Amino acid sequence: MINFHVLTLFPEMVLNALNTSIIGRAVSNNIITLCATDIRDFSENKHLRVDDYPYGGGAGMVMQPGPVYKAYEHALSYMKSAPRVIYLTPQGKTFDQNMAREFALSGDLIFLCGHYEGIDERVLEEIVTDNVSIGDYVLTGGELAAMVMIDAISRMVPGVLSNDESGEFETFHDNLLEYPQYTRPEEFHGRKVPAVLLSGHHANIEKWRRQQSLLRTKKARPDLFARVKLSDEDNEFLKS
Ligand code: ADE
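Residues numbered from 1 in each chain as written. Predicted model: local features only at pLDDT ≥ 70, side-chain atom pairs only at ≥ 80, totals over all residues. Heavy atoms only, no water.

**Focus on the nonpolar core**
Stage number 1. Counting 30 residues, the largest nonpolar core has Phe4, Phe95, Phe103, Phe111, Met149 and Ile153 as the members making the most contacts within it.
Stage number 2. Among the elements that line this core, the one with the most residues is helix 6 (residues 143-154), at seven residues.
Stage number 3. Sequence-distant contacts of Phe95, that is, excluding residues within four places in its chain, are made with Ala100, Phe103, Val132, Ser133, Ile134, Val148, Met149, Ala152 and Ile153.
Stage number 4. Grouped together as the second largest cluster of nonpolar side chains are 20 residues, Leu9, Ala71, Val123 and Val128 included. (Core = buried A, V, L, I, M, F, W, Y, C linked by side-chain atoms within 4.5 Å. Buried < 20%, exposed > 50% of the residue type's maximum accessible area, 1.4 Å probe, protein only. Helix = DSSP H or I, 4+ residues; strand = E, 2+ residues; numbered from the N terminus. Contact = heavy atoms within 4.5 Å.)

**A look at the packing of helix 7 (residues 202-220) against helix 9 (residues 232-239)**
Stage number 1. It is the contact of helix 7 with helix 9, at a shortest axis distance of 11 Å, that shows an interaxial angle of 65 degrees. In this structure, helix 7 meets helix 9 at a crossing whose hand is right-handed. Contacts between helix 7 and helix 9 involve Lys207, Arg210, Gln211, Leu214, Leu215 and Lys218 from the former and Glu233, Asp234, Phe237 and Leu238 from the latter.
Stage number 2. When the residues that make up the contact of helix 7 with helix 9 are grouped by side-chain class, the tally is four nonpolar, one polar and five charged. (Axes fitted to C-alpha atoms, helices over the stretch in contact; angles between N-to-C directions. Left-handed = near helix turned anticlockwise from the far one by under 90°. Nonpolar A, V, L, I, M, F, W, Y, C, P; charged D, E, K, R; others polar.)

**Concerning the site of the ligand**
Stage number 1. The immediate surroundings of the ligand are formed by Leu88, Thr89, Pro90, Val132, Ser133, Ile134, Gly135, Tyr137, Val138, Leu139, Gly141 and Ala145.
Stage number 2. In this structure, Gly135 approaches the ligand through a main-chain N or O atom, which is 3.1 Å from a nitrogen atom.
Stage number 3. In the model, a nitrogen atom of the ligand is placed 3.0 Å from a nitrogen or oxygen of the Leu139 main chain.
Stage number 4. Starting from 260 Å² of accessible surface for the ligand in isolation, the protein chains cover 96%.
Stage number 5. Secondary-structure elements contributing two or more residues to the shell around the ligand are strand 5 (84-94) and strand 7 (130-133).
Stage number 6. Counting residues per element, the shell around the ligand draws most heavily on strand 5, which supplies three residues.
Stage number 7. For the shell around the ligand, the per-class residue count stands at eight nonpolar, four polar and no charged. (Near = heavy atom within 4 Å. Polar contact = N/O pair within 3.5 Å; in protein donor to acceptor, adjacent residues only side chain to side chain. Areas by Shrake-Rupley, 256 points an atom, 1.4 Å probe, with all protein chains shown as cover.)

And the structure:
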């Protein structure tokens, strides 16, 4: 059981996107919960503004600390344990599968999504436990990044994926990319399914898949490949 709570200026964006498909099913099955709090509900001014000009000048607007802090307190009131608070920012540590696995072990997670030029530093200092980026590019807000993280974390939570969908032996397991997959028909636009997959010989199929994963990873992601633990058989194959 894991409770996700997103602090955002666009709660519908997050809820609409995540309440579909596999994550929506997990919510219906009470394996995860998903809440979103609108930071604007905690605006401290009559125009419902939550941003203001930056002290010291410069372009853009900065989200004020008060509404963010109050939205955080509101989220806390739903939670039992002291949650980790993740601030989505290109300045954070880059999200990866290991981080997804680790966050999946937590009970409660709060995601803080910024907009404009950022959020007043003082409230970040006070509440944020983890700064996380989803990659080296700049988004218009943290929502898409939070959704990416929630999706990847959820599928690591026991019961979210069925046995069929289970993530045990797929991409990034052992730092290897996944082998190619095929289904019917046996021939498509003149391209045949590799014969070994039709052979019914399980040991050969496993061997072929491992070899495909090795070749793919070596070619597409030399950085990952450098971390793969190679068996004697792998080394033998790679030499040939
Ligand atoms: N907010 C803006 N850009 C982002 C990124 N790359 N990762 C996480 N949060 C962001």
